[in-house]
Structure formats: structure tokens, C-alpha cells
Amino acid sequence: MPPTQRTDARRNRERLLAAAQEAFSEAGAEASLNDIARRAGVGPGTLYRHFPTRAALLAAVLQERVGRLCARADELGATEPADRALAEWLRAFITHARTNHGLGGALLLEVTDALGADCHRRIEAAATSVVTRAQGEGTARPDVTPHDLLRLALGIALTTTGPGPDDEASADRLLALVLDAAHAPAR
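A quick note: this is a predicted structure, and the numbers were derived from the prediction, not measured.

1. Some points on the overall build of the protein
Item 1. Within the protein one finds 8 helices and 0 strands.
Item 2. Listing every helix and strand of the protein by position from the N terminus yields α-α-α-α-α-α-α-α.
Item 3. Pairs at least 24 apart in sequence give 71% of the contacts found in the protein among residues at least 6 apart.
Item 4. Approximately 10300 Å² of the protein is accessible, and the part contributed by carbon and sulfur atoms is 55%.

Okay, structure coming up:
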């Protein structure tokens, strides 16, 4: 393939992913694939060349979102104090879980466990980095595990995802309770 075609193909894929991100956020996992192609400014054939099935497109969107979430842990680790990095990353994780719950559920029906395992491994590694740093600096209890905090944060996300106007405020209150419990006692 000539270089210009590869560049065009890459651009088309990027536009398709951006359009899919938007469409899935608005309409959920069942968003129209034809609408996604239209939003990206390509035909349905181009969409299917890049993503032969809805599951392939959902998987690509989810992997991109997980990548951004994990990169956020690195960014916070480099720019924020350990306790703030932990709090902000857990807040980002809750937002991620609330936003992507439908995508993950849709993928469970069609994709092998390999994608789920990869996403889970990457999220666990990001959580481990922020928790370990907070423990190292004495701002998180030494008995707190990344797995426990992820489970608590996921519980917050699942119980505050809905049509209620109070859901985000409720998520923040619950996260504050979790962070208070995870905070290392004064020495």
C-alpha cells in the first residue's frame, strides 16, 4: 500500500474511533454504525474494513478509553502529591466505570476473555502505581490493596449510575468516605 493510503487509512480509523466514542456516549453500545460512519465522514464500507463487527469497534473504543484512564495515573503520579493523585485517579476510574458500563456488558456477549483480561490487567497496574506511591509516602494505609479500592470504586460507580440528578454528588460523597477509610492514620 502506498504511504498516502496508509496515512488516509490511519486518519479514517482515528475519525471512526472519535465518532464511535461520541455516538456510544450518546446512544450506548447499540448506536447506529451507519451514523458512526456518517459522523466520521466515511462510508459504511470503510467502517467495516477497519472494524468488521460491532464488537470489534466496541473493543477498540474500550481499549482506547482504558489507555486514557491508565495514562491519567501516570500523569497524576508525575504532577500531583500522592494522596491527591490517588483521589483523582479513583475519581477518574469511577467516571470511566460509569461511562463504559454498557460497553463492557455488550462486549461480554461477543468477545473472548482476552480483551477483558487485558483491560483489567492494565487498570490493576495503574491502580497499583497510585496506591503504592501513596503507601510509600505514608498517605495511604499499608493494608489497603489496589484490588480492594477498585472494587469499592466500582461499587460506587454501579450504584450511582442512573438518571438521578444527585448521582455525581453521591459518587463524590461515597468516594470521600472510601478515601477517608484508606487514609493512613497520623503517626
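2. Some details on the pattern of salt bridges
Item 1. Following the criterion strictly, the structure yields 15 salt bridges and no others.
Item 2. For Arg38, the salt bridge goes to Asp35, with nearest N and O atoms at 2.2 Å. Of this pair, Arg38 and Asp35 both sit in helix 2 (residues 33-40), separated by 3 residues, roughly a single helical turn.
Item 3. The class for Arg38 is exposed, based on a relative accessible area of 58%.
Item 4. Of the charged contacts in the structure, one is a salt bridge between Arg141 and Asp143, with a shortest N-O distance of 2.6 Å.
Item 5. When salt bridges that share partners are traced, they join Glu22, Glu26, Asp35, Arg38 and Arg39 into one network.

Scoring rules and cut-offs
Residues numbered from 1 in each chain as written. Predicted model: local features only at pLDDT ≥ 70, side-chain atom pairs only at ≥ 80, totals over all residues. Heavy atoms only, no water. Helix = DSSP H or I, 4+ residues; strand = E, 2+ residues; numbered from the N terminus. Contact = heavy atoms within 4.5 Å. Areas by Shrake-Rupley, 256 points an atom, 1.4 Å probe, with all protein chains shown as cover. Salt bridge = Lys/Arg side-chain N within 4 Å of Asp/Glu carboxyl O. Buried < 20%, exposed > 50% of the residue type's maximum accessible area, 1.4 Å probe, protein only.

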